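So the chains spell out like this:
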Amino acid sequence: MNSPVLDFIKNDPYYRERNGDLVTSNNYVDFGIRLSYLRKLTQKFAVGFEYGVDFSNVSLSNSIKWRKSEAVSINTHSLMPKIFWTSGIAKLSVTISGQFGIAITSTYVQKKE
């Protein structure tokens, strides 16, 4: 599991290259961007798509305890058709609601220059 907060609490080694050597480091922030388009069909039902991009670092040393290796940068793109609904007397404008979607994702390792 790649979670910066949990990795910080567990204090697992996280290595970065610096001047040709691997030095211990911390991964405090991973981030992502999501863009959604929803089309309201009724007062309680909508359909749409969500596109997302996540940028993260994965430490292979957390998976392979006996080997020291540099963290790799990962980019993930996803496209998800979504169904959005509400229940009770609520309407889509302001409400507590539910969403369901199944995403198509593509993940790749960023190449170092």
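Just above, that's the structure.
Nothing here was measured: the structure is a model prediction, and the numbers come from that model.

Parameters and conventions
- Every chain is numbered on its own, with residues counted from 1 as its sequence reads.
- Local features in this predicted model are restricted to residues of pLDDT 70 or higher, and side-chain atom pairs are both shown and tallied only at a pLDDT of 80 or more, whereas totals for entire chains, interfaces and linings draw on every residue.
- As a rule here, side-chain values come from all non-hydrogen atoms in the structure, and water together with hydrogens is ignored.
- We count a stretch as a helix when DSSP gives it H or I for four or more residues in a row; a strand needs E for two or more, and each element gets its number in order from the N terminus.
- Each residue is placed in one exposure class: buried if its accessible area under a 1.4 Å probe, protein chains only, is under 20% of its type's maximum, exposed if it is over 50%, and partly exposed if it falls in between.
- Whether two residues are in contact is decided by their heavy atoms: any pair within 4.5 Å suffices.
- In this description, accessible areas are obtained by the Shrake-Rupley approach with a 1.4 Å probe, and a residue is regarded as covered only by the protein chains that are shown.
- Stacked, edge-to-face and tilted are the three classes for Phe, Tyr and Trp ring pairs, Trp counted by its six-membered ring, which pair at centre distances within 6.5 Å; planes under 30 degrees apart are stacked, over 60 edge-to-face, the rest tilted.

So what's going on with the overall build of the chain? Which residues, and what values?
Looking only at helices and strands, one finds 1 helix and 7 strands in the chain. The linear arrangement of helices and strands in the chain, starting from the amino end, is α-β-β-β-β-β-β-β. Residue burial in the chain is summarised as follows: out of 113 residues, 27% are buried. By sequence separation, contacts in the chain at least 24 residues apart represent 54% of the contacts at least 6 residues apart. Surface summary for the chain: the accessible area is close to 8400 Å², and the carbon and sulfur share equals 60%.

Would you mind going over the side chain of Asn75 in detail, with residue names and values included?
Structurally, Asn75 is set in strand S5 (residues 72–86). Among residues more than four places away in sequence, those in contact with Asn75 are Asp54, Phe55, Ser106, Thr107, Tyr108 and Gln110.

So what about the packing of aromatic side chains? Which residues, and what values?
Throughout the structure, instances matching the rule amount to 1 aromatic pair. Ring geometry for Phe31 and Phe55: centres 5.0 Å apart, planes at 35°, overall tilted. Of the two residues, Phe31 sits in strand S3 (residues 31–42) while Phe55 sits in strand S4 (residues 45–58), which places them 24 residues apart along the sequence. Accessibility expressed as a relative area gives 28% for Phe55, which makes it partly exposed.

Tell me about the environment of Arg16, and name the residues and values.
Here Arg16 shows up in strand S1 (residues 14–18). A residue is classified by how much of its surface remains accessible, and Arg16, at 25% relative accessible area, is partly exposed. Each C-alpha atom, one on Arg16 and one on Ala71, is 6.2 Å from the other, the two residues being 55 residues apart in sequence. Setting aside its immediate chain neighbours within four residues, Arg16 contacts Asp21, Leu22, Val23, Ser25, Asn57, Glu70 and Ala71.

Interpretation in functional terms is not warranted from these geometric data alone.
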